[in-house]
Amino acid sequence: MSAATLTPPGTAAPARAGVPWTRLVGVELRKQVDTRAGRWLLALVVLVDVALVALYLWAADEAPGWSALTEASSAGQLLLLPLIGVLAATSEWSQRTALTTFALEPRRTRVHGAKAAAGIVLALGITVATLAVAAVATLVGGALHDGAGSWSLDGALLGGLALALVLLVLQGLGFGLALLSTPAAIVAYLALPTVWSLVSALVPALRDPADWLDMSGPLTGLMSGSLTGDGWAQLGTSTLLWVGVPLAVGLWRTARRDVA
Amino acid sequence: MIEIAHLTKRYGSTTVLDDVSFTAAPGRVTGFLGPNGAGKSTTMRVLCGLATASSGTATVAGRRLRDVPNPGRTVGVLLDASAQHAGRSGREVLTLSARLMGLAPGRVAACLDLVGLTAAEADARTRTYSLGMRQRLGLAHALLGEPDALVLDEPANGLDPAGIRWMRDLLRAYADGGGTVLLSSHLLREVEAVADDLVLIGRGRVLAHGTTADLLSAPGTEVRSLDDGALAGALIAAGHDVRPLDDGGLSTSASAEAVGRHALDARVVLLDLRPARSAGLEDLFFTLTAGSAREEVAA
Ligand SMILES: Nc1ncnc2c1ncn2[C@@H]1O[C@H](COP(=O)(O)OP(=O)(O)OP(=O)(O)O)[C@@H](O)[C@H]1O
Ligand SMILES: [Mg+2]
């Protein structure tokens, strides 16, 4: 035992400032990439992106444009980006690190906000990677098909992609916090909207309201930058159900729950 | 200063903590004892803001930990050494917390060094750690933020003999430097050796609270003489309790002075006169928790 490191109490920094939120976000970001599970998830998302872009390129008759190739990967993101949120929420409870996390920052909703922000930063990184993959594919496509694909990339597409990834990460975080179990949350966010689509397809009376509560339609539109007025409204209502409700339930459930 | 005041905690209809009150003072090590399920960990979880009390308060330096900014700098906590992400290295676990608390970069290495984890061990993932290594990592984590108080739930559990002695010295030095230590343990000898104060709890109620010296000191005197029979008669006649000792001699509730006077009056020659032997923490523990223990233990 060395005396130098066992500082007597009271000599530590006298001014006890709170933990700045940016620092919290930085730590949460690190937590999402410092385990093999976390790194594999990110690698998986990028790999699926690459596969989807390659598939689109292979099937195309002429040199595809950058934006078309970028769009081609959105199906994978729709499926996988919520996983980032789910894992950020559930691993604290399944690995019982919540005991440490909330002892160091008792304002739990603030921690969850930082997790959301960190997840969004990661999703942004994935989008940049996707754009890069699509750019390479554009070059390859040009070479394959004799004639360069279009390099135009409109703001609606980029903005739509960005908003979609925010929503997807929040959706995953919401399901993760509400259920606090990785498998349950994954099954729920994958199955519930699908079950809802099936039910509404079978019951004619539900068909009209179903459009307002189905998220995948407007989300796909958003990610291709082609959302219309009605589509925006439907995005709003369905987001409230599939992102807002689980998030509210999850934040409420974890805010005062006993950590053991 | 850690202050637990009228703490009550219910899970549904079961009352786990029932009006628990005690304090742990700065500069002292407070041992927190009780049978399994007595409520020690629950009290500590409430103190750390991880569980919500049904009523009552648990404060450090007069504030609930939930209201303290950057609480890791105020209280170092080790509640469960196995509650670590299995896929992170020990160094990474400490680094995350050090960043969160805003500590100087060298602090992680210093704490690893302090608890005796080698660089190779620190870089291994915690799923490979032995119980004692987890416990050491947990202690490093509790000390990381140079806190004013330590809350340790069974920290000696799993430590090797050298580790136990090392921890005893560490807690002693920490308390002597002005720190507050609240320490739960089932290793009674260890607690007896290091704790200045004791809190005994059983089935959610405080059974005893005081300094170790007071709680363990037995009132009365032990005496040996050339005629124990005559001396016993004189003491009993004067209204004192007298009990023969197994190895000869008497144990009595009378003070040393009273025994001396009665011996003088009865003209009995004394061979040995001393304060009664302390009962020992194990005896005290079994006596107090007899009603709340799980097993029948012959005290
Ligand atoms: N989440 C919970 N729901 C219901 N009862 C609980 C819960 N957590 C703890 N308890 C009960 O609270 C009581 C006290 O448990 P606690 O863990 O505080 O005991 P302890 O004194 O730390 O025991 P040990 O020496 O075994 O660690 C136990 O009877 C336990 O069953
Ligand atoms: Mg316990």
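These figures come from a predicted structure and were not determined experimentally.

## Thoughts on the overall build of chain A
- Along its length, chain A carries 11 helices and zero strands.
- Starting at the N terminus, the α and β elements of chain A follow one another as α-α-α-α-α-α-α-α-α-α-α.
- Split into buried and exposed, the 260 residues of chain A put 47% on the buried side.
- Within chain A, contacts between residues separated by at least 24 positions form 78% of all contacts whose residues are at least 6 apart in sequence.
- Of the roughly 11,700 Å² of accessible surface on chain A, 71% is carried by carbon and sulfur atoms.
- Across chain A, 15 positive and 15 negative side-chain charges occur, with their mean positions spaced 24 Å apart.

## So, the sheet that holds strand β2 (residues 14–24) of chain B
Residues and elements named next belong to chain B.
- Pairing within the open sheet is antiparallel, and its three strands lie in the order β2-β1-β4. Because the sheet does not close on itself, it has two edges, and the strands there are β2 and β4 (55–60). For this sheet, the mean angle separating the axes of adjacent strands, direction not counted, is 20°.
- Of the strand pairs in this sheet, strand β1 (residues 2–11) and β4 are connected by five bridges, and their pairing is antiparallel. What sits directly across from T8, in β4, is S55.
- The strands touched by helix α1 (residues 40–47) are β1, β2 and β4; relative to β1, the strand with the most contacts, the crossing angle is about 110°.

## Considerations on the interface of chain B and chain A
- Between chain B and chain A, the contact holds 50 residues from the first and 38 residues from the second.
- Summing the contributions of chain B and of chain A, the shared interface buries around 4,000 Å²; its carbon and sulfur component is 56%.
- When residues of chain B are sorted by the area they lose upon contact with chain A, L50, H85 and L100 of chain B head the list and together hold 18% of the total.
- Between chain B and chain A we count four salt bridges in total.
- Note that D34 of chain A is salt-bridged to R88 of chain B, the shortest N-O span being 2.9 Å.
- Linking chain B with chain A are 16 residue pairs in polar contact (both at pLDDT 80 or more).
- For the side of chain B that touches chain A, the element with the most residues is helix α2 (residues 90–101) of chain B, which contributes seven residues.

## Points about the UniProt feature "domain: ABC transporter" (unreviewed entry) in chain B
- Residues annotated by UniProt as "domain: ABC transporter" (unreviewed entry) correspond here to residues 2–228 of chain B.
- Taken end to end, residues 2–228 of chain B comprises 33% helix and 28% strand; its first and last C-alpha atoms sit 49 Å apart.

## Some words on the packing of aromatic side chains
- Enumeration over the complete set of coordinates arrives at four aromatic pairs over all chains.
- Where W66 of chain A meets W151 of chain A, the ring centres are 5.5 Å apart and the plane angle is 65°; that geometry is what we call edge-to-face. With W66 of chain A in helix α3 (residues 66–72) and W151 of chain A in the loop between α6 (108–145) and α7 (155–179), this residue pair connects regions lying 85 residues apart in the sequence.
- Measuring from ring centre to ring centre gives 5.9 Å for W93 of chain A and F102 of chain A, while their planes differ by 50°; the resulting arrangement is tilted. Each member of the pair W93 of chain A and F102 of chain A is classed as buried.
- Sitting above the plane of the W166 of chain B ring, R136 of chain B keeps its charged end 5.8 Å from the centroid.

## Section: the sheet that holds strand β3 (residues 29–33) of chain B
Residue and element names in this part refer to chain B.
- Read across the open sheet, the six strands follow the order β5-β6-β7-β3-β8-β9; overall the sheet is mixed. The two strands at the open ends of the sheet, each matched to only one other strand, are β5 (75–78) and β9 (205–211). Across the sheet, the axes of successive neighbouring strands diverge by a mean angle of 15°, strand direction being ignored.
- Both strand β6 (residues 149–153) and strand β7 (residues 180–184) contribute to a ladder of five bridges, which runs parallel. Its bridge partner lying in β7, A149 is registered against T180.
- Of the strands in this sheet, β5 and β6 are in contact with helix α5 (residues 131–143), which crosses β5 at around 165°.

## Here's the deal with the UniProt feature "transmembrane region" (unreviewed entry) in chain A
Residues and elements named next belong to chain A.
- Mapped onto this numbering, the UniProt entry annotates "transmembrane region" (unreviewed entry) at residues 40–59, 79–104, 116–144, 156–180, 187–206 and 232–252.
- Span residues 156–180 is 96% helix and 0% strand, its end C-alpha atoms 35 Å apart.
- Strand forms 0% of residues 232–252 and helix 100%; the C-alpha atoms that close the span are 28 Å apart.

Thresholds, definitions, all that
- Residues numbered from 1 in each chain as written.
- Chains lettered and ligands numbered in written order.
- Predicted model: local features only at pLDDT ≥ 70, side-chain atom pairs only at ≥ 80, totals over all residues.
- Heavy atoms only, no water.
- Helix = DSSP H or I, 4+ residues; strand = E, 2+ residues; numbered from the N terminus.
- Buried < 20%, exposed > 50% of the residue type's maximum accessible area, 1.4 Å probe, protein only.
- Contact = heavy atoms within 4.5 Å.
- Areas by Shrake-Rupley, 256 points an atom, 1.4 Å probe, with all protein chains shown as cover.
- Lys, Arg positive; Asp, Glu negative; His and termini not counted.
- Charge placed at Lys NZ, Arg CZ, Asp CG, Glu CD.
- Pairing = 2+ DSSP bridges.
- Axes fitted to C-alpha atoms, helices over the stretch in contact; angles between N-to-C directions.
- Buried area = accessible area lost by both parts, 1.4 Å probe.
- Salt bridge = Lys/Arg side-chain N within 4 Å of Asp/Glu carboxyl O.
- Polar contact = N/O pair within 3.5 Å; in protein donor to acceptor, adjacent residues only side chain to side chain.
- UniProt positions renumbered as here; feature names shortened; annotations may be inferred.
- Phe/Tyr/Trp six-rings, centres within 6.5 Å; stacked < 30°, edge-to-face > 60°.
- Lys NZ or Arg CZ within 6 Å of the ring centre and 35° of its normal.

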